[in-house]
Amino acid sequence: KGVDRCAVYIMSDRLAAVEGLARESELLGCEAIRLREHKNVNQGVLLEHGSFDKFDFIRDLALVSNAEDGLIGPGRPSTSTFLLREMMEYNRKKRGINGKIVTCPLSRRD
C-alpha cells in the first residue's frame, strides 16, 4: 500500500523561510504543519537569530519533533538540529517506530 498522507513539519526563526517551505510543501501535495501564531516577535535585538526566537523556538521544537520519517536541516548541523533529532528519536520509540531517521542536508545558495 502506498503513502496516504504527506505532512511536512516546518521550523524556522525567519518568516520568509516558513512561508517559502510551506508553499513548496503544498505544491508537492503535502500538508504544511507549522505554528500559526508566533507569540514572541524579536525586534532584531539578536542579529544571529530571526524574529521567532526564545519561547517560539521551544514551541516550534515541540511541534516539529512529531515528524516520524525524516529531517531536512542545515548542511552543518546545529545544536538545535541535534536536539530535534534526539526528540524525534524519543517520540518514534514511544510510538514503536523502528529504523533510522532519513536526514537530508540543505546547502546554502549564495
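Residues numbered from 1 in each chain as written. Predicted model: local features only at pLDDT ≥ 70, side-chain atom pairs only at ≥ 80, totals over all residues. Heavy atoms only, no water.

**Some details on the side chain of R92**
Phase 1 of the analysis: In this structure, R92 sits in helix α3 (residues 79-94).
Phase 2 of the analysis: A polar atom in the side chain of R92 sits 2.2 Å from the backbone oxygen of E68.
Phase 3 of the analysis: Among the polar contacts made by the side chain of R92, one reaches the main-chain carbonyl oxygen of G99 at a distance of 2.6 Å.
Phase 4 of the analysis: With near-sequence residues (within four places) excluded, R92 lies in contact with E68, D69, I97, N98, G99, K100 and I101. (Helix = DSSP H or I, 4+ residues; strand = E, 2+ residues; numbered from the N terminus. Polar contact = N/O pair within 3.5 Å; in protein donor to acceptor, adjacent residues only side chain to side chain. Contact = heavy atoms within 4.5 Å.)

**A short note on the packing of helix α2 (residues 55-64) against α3**
Phase 1 of the analysis: For the pair α2 and α3, the least separation of the axes is 9 Å and the interaxial angle reads 40°. Classified by the interaxial angle, the pair formed by α2 and α3 is oblique. Considering only the axes of α2 and α3, their crossing is right-handed. Residues F57, L61, A62 and V64 of α2 form the contact with α3, whose own contacting residues are S80, L83, L84, M87 and M88. (Axes fitted to C-alpha atoms, helices over the stretch in contact; angles between N-to-C directions. Parallel < 35°, antiparallel > 145°, perpendicular 65-115°, else oblique. Left-handed = near helix turned anticlockwise from the far one by under 90°.)

**Considerations on the environment of A32**
Phase 1 of the analysis: Its location among the elements puts A32 in strand β2 (residues 31-33).
Phase 2 of the analysis: We classify A32 as buried; its relative accessible area is 5%.
Phase 3 of the analysis: In this structure, the C-alpha to C-alpha distance between A32 and A7, residues 25 residues apart in sequence, is 6.0 Å.
Phase 4 of the analysis: With residues near it in sequence (within four places) discarded, A32 still touches V8, I10, A22, S25 and E26. (Buried < 20%, exposed > 50% of the residue type's maximum accessible area, 1.4 Å probe, protein only.)

**Topic: the environment of N91**
Phase 1 of the analysis: Along the chain, N91 turns up in helix α3.
Phase 2 of the analysis: Between the C-alpha atom of N91 and that of N66, which follows or precedes it by 25 residues, the distance is 6.8 Å.
Phase 3 of the analysis: In contact with N91, other than residues within four places in its own chain, are S65 and N66.

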